[in-house]
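Coordinates in review
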There are 2 protein chains.
Amino acid sequence: MGPKYSSSRENYLKAIFHLQEIHGTVTTNHVAGELQTRPASVTDMLKKLKAQKLLLYEKYKGFKLNTEGRKVALQIIRKHRLWEFFLVEKLHFRWDEVHEIAEELEHISSKKLIDRLDEFLGFPKTDPHGDPIPDSQGRWTLTHQVDLLNLPVNLVAEVSGIGDQSAEILELLNHKHIALGTRLEVKKKFAFDNSLEIKIRNQSVTISEHVAKNVFVKYDE
Amino acid sequence: MGPKYSSSRENYLKAIFHLQEIHGTVTTNHVAGELQTRPASVTDMLKKLKAQKLLLYEKYKGFKLNTEGRKVALQIIRKHRLWEFFLVEKLHFRWDEVHEIAEELEHISSKKLIDRLDEFLGFPKTDPHGDPIPDSQGRWTLTHQVDLLNLPVNLVAEVSGIGDQSAEILELLNHKHIALGTRLEVKKKFAFDNSLEIKIRNQSVTISEHVAKNVFVKYDE
DNA sequence: TTAATTTTTTAGATTTGTCTAAAATTTATT
DNA sequence: AATAAATTTTAGACAAATCTAAAAAATTAA
């Protein structure tokens, strides 16, 4: 049993899904930009996806994934993010190295493989960039993800991603014992320089605006 | 940077490599049989592989991999076997389930990924079927692999694979504490029923001919 | 509301890997 | 050695995914 859809089709579904999430509507040019391809190629593929009943599409009138298309897209995203988690957590890749490799791994078709991988990794809820990982039914826990500057005070949150991936910021965060998964709380915001006082494991730490902008946290609601 | 060679080309290289190992010479029909394709398709691909300088080929005169082709083939085999090891050892797949999945995983291109995986797995020397895993230079430890019936007496060997993958034999082996990696030695062969007396961790165990035929071991030389 | 611009689609070509049917070549048989 | 049989290759076709250039439709601006 080979894959149900070609890698190319899967990439289109994923791109359309992401663009839908961000912009609400999706355009041919958007998709072409996202996938580094030509608008004409996108149109070609839209027809195929429509024929496969994954997409609602009338020419010149825009398009969006239908239920089935969303379902397929979510499974690809699930695979992508689980593999990214694996690469960082088990193979010790840096967060900024894993995307490209996961782009290939996400097209491995075995459902059993991905469910076993999920189990092996301990059913992680978010990938190394802090994005949620859909479960095998395509559901994900709705968590708010914001940067530290926008985290309401006195609300416990968990570090879920870092924007800037430079060695410099990682060194700083490492020194202050801030890592993926660290639980923290903003106690005070200083209007003067937008610096923050945060609590980590009952210790008080000060963070500059520059750093705060690059630390993403999630909290349930 | 995408993959250097298409999955299809990689499959041809791997098939030719295996057939070369088994039969010495390789024929168009052989390859077609192995890859479930048509002889005409094989000829088409042979020309492409020749053009890419991976194959020595004169039409109607047979063909074989050149140094570069062998090198590429060995890297694919390395990937295939490391992934199989991963699937069995970490994700607890059965040995007979992993081949198909590894057929897909072996085409993931990142060299860094596979070297990290190798490290993560502890640099295994053989895959779950007992076949040797080439190292990142394409070398493998030359080990003799035989079934237990053909293992010379008084020679320490390591269980490297099981022929029959039925639950029944696995139960029996489990009960006798014979697993992948178990070190053992044949102490006596009974001509009457071809049963064997073997030593495992200083314990003496008797094995029937039927079982012995299905336990593969390797020993260095 | 026309005209200009942008976006999207079509038409037709290209590449990769495959196929079938027929031709060329090699191997086996009488 | 001549013929039959098997193998291998060629010729030409096809599907998938892409492209360019041109046409069609929608949007924006005058």
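About the thresholds
- Residues numbered from 1 in each chain as written.
- Chains lettered and ligands numbered in written order.
- Predicted model: local features only at pLDDT ≥ 70, side-chain atom pairs only at ≥ 80, totals over all residues.
- Heavy atoms only, no water.
- UniProt positions renumbered as here; feature names shortened; annotations may be inferred.
- Least-squares fit on C-alpha atoms with pLDDT ≥ 70 in both.
- Contact = heavy atoms within 4.5 Å.
- Buried area = accessible area lost by both parts, 1.4 Å probe.
- Salt bridge = Lys/Arg side-chain N within 4 Å of Asp/Glu carboxyl O.
- Polar contact = N/O pair within 3.5 Å; in protein donor to acceptor, adjacent residues only side chain to side chain.

- Per an unreviewed UniProt entry, chain A goes by the name Transcriptional regulator MntR and belongs to Niastella yeongjuensis.
- Taken from UniProt, the Function (unreviewed entry) comment for chain A reads in full: "In the presence of manganese, represses expression of mntH and mntS. Up-regulates expression of mntP."
- Per UniProt, chain A carries the Sequence similarities (unreviewed entry) text "Belongs to the DtxR/MntR family."

1. Observations regarding the relation of the copies chain A and chain B
- Screw-axis analysis of chain A against chain B gives a translation of 0.0 Å along the axis, an RMSD of 0.3 Å, and a rotation angle of 180°. Expressed as a symmetry operation, the mapping of one chain copy onto the other fits a two-fold axis. Across chain A, the smallest distance between a C-alpha and the rotation axis is recorded for Leu105(A), namely 3.7 Å.
- Mapped onto chain B, 100% of the interface residues of chain A are again interface residues, and the two copies thus contact each other with one and the same surface.

2. Quick notes on the interface of chain A and chain B
- With 22 residues of chain A at the interface, the matching set in chain B holds 22 residues.
- Summed over both sides, the interface between chain A and chain B buries roughly 1,900 Å², with carbon and sulfur atoms accounting for 65% of that surface.
- Counting the surface chain A buries against chain B, the share from its top three residues, Leu91(A), Glu104(A) and Arg116(A), is 28%.
- Here chain A is connected to chain B by two salt bridges.
- Close ionic contact of Glu97(B) with Lys112(A) constitutes a salt bridge, the shortest N to O distance being 2.6 Å.
- Counting across the chain A and chain B interface gives eight residue pairs in polar contact (both at pLDDT 80 or more).

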